[in-house]
Amino acid sequence: MTDNTNDFTIDPWSSSNILDEDYNRLIEEFGIDTITDITREQFKKHKFIRRKVIFGHRDLNLIHKAIENNKSWAVMSGIKPSGPFHLGTMTTALEIIDFQKMGGKAYYCIADIESWEDNGIPYEEAEQTAVDNLADILALGLDPNNAYIWRQSKEPIVKDVCFKVGRLVTQNMVTAIYGEKPFGLYLAALIQVGDIVLPQIMDSPQPTIVPVGIDQDPHIRLTRDLTRRYYKNFFLPGATYHKLLPGLDGSNKMSKRNPNSYFTFDEPLESIEKKVRGAITGGRKNKKIQQELGGIPQNCMIYKILMYHFEPDDAKLAEEFELCIKGELMCGDHKKTCVERVLRFIKEHRQKKKAQLDKARKILEIE
Ligand code: SF4
């Protein structure tokens, strides 16, 4: 899409180049609510809210109200089966899992219609990736007993919604939101509207939260608009927005076009190690200057990946931040620890995932 806000673009179908300072502007331009200290306290069990990776939301307060009043609520998200898990897909997966642990029923969609429309991957080809992706999220802790998991191509509800709301959508609307795109991508966007309202169709009208990166906001705005007009008794689906991880190598984004900017979970360990070792840090020119001035963890990919994924203990993370800015932690040592943690995680995750593959096949009814 092309939602041009001055000098940057939000496009759900391409890698966005959003820098730190742009987030505040996005909040203003698109009417996103910020996460206040009160909200952070209410959702302190959610790691990404606590750690300020999630910086904005729409209607998260409705989820809090539902929790307080012991009412049903849903958390919905999904994955486009176009490749193996990586740090970006893991962020959304862990967001869903944390919300599920807080009492929401999880709705997880395999967006195979989107992977066809966007990447030209036939459904049959997407099947094995879908199994693989689902095994990943199960290994990360999604509880399938309190979840509904579907493939877009096999789910009549989402196709039905696409046709129903389709009559409210004009060419002007989609062009204004997404720019000029192949028609299939507009259809995929309407299928996603179906994904997001599915919990309320399958169950009953209830608050739904959709954890996404800010680049997916166009879909959220379209869905809210169409829900308001077509499903008048439904809650408007809410969303939380996380900051996107920049590239390990210092580039603005993790991108397939730049293999050193990210790693996938099935990459050889040596390759993962090499990429993490090569990550850009917020360190100074040499040890002496670093001891004098301290490092800049805010600019450091080692610190960022620990904060997002590889340091479970808030106190330890805060301590490492302190030590870094005081010049008492050196990048070489910190990188070494980080590499060890990443590799340990990947090895353990692979074991857990192996044990989930059959279950994933069964859930998706794929041989
Ligand atoms: S000490 Fe650690 S957190 Fe600080 S800049 Fe170096 S690698 Fe980053």
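Here the structure is a predicted model, which means the values were calculated and not measured.

So, how was this worked out
- Residues numbered from 1 in each chain as written.
- Predicted model: local features only at pLDDT ≥ 70, side-chain atom pairs only at ≥ 80, totals over all residues.
- Near = placed C-beta within 6 Å.
- Helix = DSSP H or I, 4+ residues; strand = E, 2+ residues; numbered from the N terminus.
- Nonpolar A, V, L, I, M, F, W, Y, C, P; charged D, E, K, R; others polar.
- Core = buried A, V, L, I, M, F, W, Y, C linked by C-beta atoms within 7 Å.
- Buried ≥ 20, exposed ≤ 12 C-beta atoms within 10 Å, placed from the backbone.
- Domains from an automatic or database assignment.
- Contact = placed C-beta atoms within 7 Å.
- Pairing = 2+ DSSP bridges.
- Right-handed = clockwise from strand over helix to strand, strands pointing away.
- Axes fitted to C-alpha atoms, helices over the stretch in contact; angles between N-to-C directions.
- Parallel < 35°, antiparallel > 145°, perpendicular 65-115°, else oblique.
- Left-handed = near helix turned anticlockwise from the far one by under 90°.

Caption draft 1: Expanded view of the site of the ligand. Around the ligand, a shell composed of 13 residues is seen, among which Gly295, Cys300, Cys324, Cys331 and His334 lie nearest. At the level of elements, helix H14 (301-310) and helix H16 (331-354) are the ones that each hand at least two residues to the shell around the ligand. For the shell around the ligand, the leading source of residues is H16, giving 3 residues. Looking at the shell around the ligand residue by residue, the classes come out as 7 nonpolar, 5 polar and 1 charged.

Caption draft 2: Structural view of the nonpolar core. Among the nonpolar cores identified, the biggest contains 84 residues, and Ile96, Leu134 and Val193 are the most heavily contacted of them. A per-element tally of this core places helix H10 (residues 183-202) first, with 9 residues. For this core, the domains that each give at least three residues are domain 1 (19-244) and domain 2 (259-354). Among all residues touching Leu134, those that are not within four sequence positions of it are Ile149, Ala360, Ile363 and Leu364.

Caption draft 3: Broad picture of the pairing of strand S8 (residues 208-213). Counting buried residues along S8, 5 of its 6 residues qualify, which places the element largely inside the surrounding structure. Of the pairings in the sheet, the one linking strand S5 (residues 74-79) to S8 comprises 2 bridges and is parallel in character. Counterpart to Ala74 in the pairing with S8 is Thr208. Bridge analysis of S8 against strand S9 (residues 238-242) gives 5 bridges, and the strand direction is parallel. The residue bridging Ile209 from the neighbouring strand is Gly238, located in S9. What joins S8 to S9 is helix H11 (residues 217-230), and the crossover it makes is right-handed.

Caption draft 4: Spatial organisation of the sheet that holds S9. Here we have 7 strands laid out as an open sheet, ordered S3-S4-S9-S8-S5-S6-S7, and mixed in their pairing. Every other strand in the sheet has two partners, leaving strand S3 (33-34) and strand S7 (147-151) as the edge strands with one partner each.

Caption draft 5: Quick peek at the packing of helix H7 (residues 123-140) against H16. Packing of H7 against H16 leaves a shortest axis separation of 8 Å and a crossing angle of 110°. As summarised for this structure, H7 and H16 are arranged roughly perpendicular, according to the angle between their axes. Where H7 crosses over H16, the handedness of that crossing is right-handed. Here Ala135, Asp136 and Ala139 of H7 lie close against H16, whose contacting residues are His349, Lys352 and Lys353. Considered class by class, the residues forming the contact of H7 with H16 number 2 nonpolar, 1 polar and 3 charged.

Caption draft 6: Inspection of the environment of Arg344 at higher detail. Looking at where Arg344 falls in the secondary structure, it is placed in helix H16. When the 11 C-beta atoms within 10 Å are taken as the criterion, Arg344 is described as exposed. Between the alpha carbons of Arg344 and Lys65 there is a distance of 39 Å; along the sequence they are 279 residues apart.

Caption draft 7: Focus on the domain arrangement of the protein. Here the protein is partitioned into domain 1 (19-244) and domain 2 (259-354). A separation of 29 Å is found between the C-alpha centroids of domain 1 and domain 2. Contact residues are listed per partner, giving 13 residues for domain 1 and 13 residues for domain 2. When contributions to the side of domain 1 that touches domain 2 are tallied by element, the ones reaching two or more residues are helix H5 (87-101) and H7.

Caption draft 8: The arrangement of the environment of Trp150 in detail. Relative to the assigned elements, Trp150 resides in strand S7. For the pair Trp150 and Glu365, spaced 215 residues apart in sequence, the C-alpha to C-alpha distance is 9.9 Å. Excluding residues within four positions of it along the chain, Trp150 makes contact with Cys109, Ile110 and Glu155.

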